[in-house]
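# Chains, contacts and geometry: an overview
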Amino acid sequence: MNDKLAFRIFREGDRDEFEQMALSLYTEDPSTEGMSPEKIHRTFNELLHHPEKGTIVLFEMGKAIVGYSILIHFWSNEYGGNIEVIDELFVKPESRGRGVASRFIGHLCTE
C-alpha cells in the first residue's frame, strides 16, 4: 500500500472536521442516546482541556483527514494499570477498504 498514512492528536483547528465526521458516524450507525453538535463540542472541549481522560486521534493521508478515533483512558484494578479503550473509530467512506483502521490498530499495538 503506497498511501502515506499518519496519526496525530487533534488540535483546536480540527473542531469542524471532527464534528462533521462524528455526525456522519452517528448517521450511519445511530445511537439510542442520539447525537448532537452540542455533545460533540462537549467531548472535544473535555478532551482538549483534560488529555488525561483521553484523546481524539485524526487519521491523515497526505494533507487530507480521512478518519478519527476517540481513545479513553482509565485505571483498571484488575489489570493493575492504565487501560485505553477505543470509544469511536470512523473512516470516511471514500477511504474505506484501504486498511486505514487496521493500520491504526497496529499503530496502537506498537505504542
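Going by the structure above, here's the rest.
The following refers to the structure shown. (Residues numbered from 1 in each chain as written. Predicted model: local features only at pLDDT ≥ 70, side-chain atom pairs only at ≥ 80, totals over all residues. Heavy atoms only, no water.)

Glancing now at the overall build of the chain. Looking only at helices and strands, the chain has 3 helices and 4 strands in total. C-alpha atoms of the chain, sized along the principal axes, occupy 40 × 35 × 25 Å. Sorting the 111 residues of the chain into buried and exposed places 35% on the buried side. Long-range contacts, defined as pairs at least 24 residues apart, comprise 53% of the intrachain contacts of the chain with a sequence gap of at least 6. Accessible surface, the chain as shown: approximately 6900 Å² in total, 52% of it carbon and sulfur. Charge-centre separation for the chain: the mean point of 12 positive side chains lies 6 Å from the mean point of 19 negative side chains. (Helix = DSSP H or I, 4+ residues; strand = E, 2+ residues; numbered from the N terminus. Buried < 20%, exposed > 50% of the residue type's maximum accessible area, 1.4 Å probe, protein only. Contact = heavy atoms within 4.5 Å. Areas by Shrake-Rupley, 256 points an atom, 1.4 Å probe, with all protein chains shown as cover. Lys, Arg positive; Asp, Glu negative; His and termini not counted. Charge placed at Lys NZ, Arg CZ, Asp CG, Glu CD.)

Here the structure, examined in full by the defined rule, presents 7 aromatic pairs. Here phenylalanine 7 and phenylalanine 59 contribute two aromatic rings whose centre-to-centre distance is 5.5 Å and whose plane-to-plane angle is 90 degrees, an arrangement assigned as edge-to-face. Here the residue phenylalanine 7 occupies a position in strand β1 (residues 5-9), and phenylalanine 59 occupies one in strand β2 (residues 54-61), the gap between them amounting to 52 residues. Classification of phenylalanine 7 by relative accessible area gives partly exposed; the value is 22%. (Phe/Tyr/Trp six-rings, centres within 6.5 Å; stacked < 30°, edge-to-face > 60°.)

So, about the environment of glutamate 19. With respect to the secondary-structure elements, glutamate 19 resides in helix α1 (residues 15-28). Expressed as a C-alpha distance, the spacing of glutamate 19 and isoleucine 86, which sit 67 residues apart in the sequence, is 18 Å. If we skip the residues at most four places from it in the chain, glutamate 19 touches Pro37, Ile40 and His41.

Of all hydrophobic cores here, the largest spans 14 residues; its most connected members are Phe10, Phe18, Met21, Ile56, Leu58, Tyr68 and Ile70. Listing elements by their share of this core, those giving two or more residues are α1, α2 (37-49), β2 and β3 (64-76). Element by element, the count of residues in this core is highest for α1, at 4 residues. When sequence neighbours within four positions are dropped, the list of residues in contact with isoleucine 56 reads Arg8, Ile9, Phe10, Phe18, Phe44, Leu47, Tyr68, Ser69 and Ile70. (Core = buried A, V, L, I, M, F, W, Y, C linked by side-chain atoms within 4.5 Å.)

You can see lysine 92 is positioned in the loop between β4 (81-91) and α3 (100-110). We classify lysine 92 as buried; its relative accessible area is 16%. Here glutamate 17 takes part through its side chain, which lies 2.4 Å from a polar atom of the side chain of lysine 92. Setting aside residues up to four positions removed in sequence, lysine 92 forms contacts with Glu17, Met21, Ile65 and Val66. (Polar contact = N/O pair within 3.5 Å; in protein donor to acceptor, adjacent residues only side chain to side chain.)

This part takes up the environment of lysine 53. By the secondary structure assignment, lysine 53 is in the loop between α2 and β2. Note on lysine 53: relative accessible area 38%, which makes it partly exposed. Between the C-alpha atoms of lysine 53 and lysine 63, which are 10 residues apart in sequence, the distance is 28 Å.

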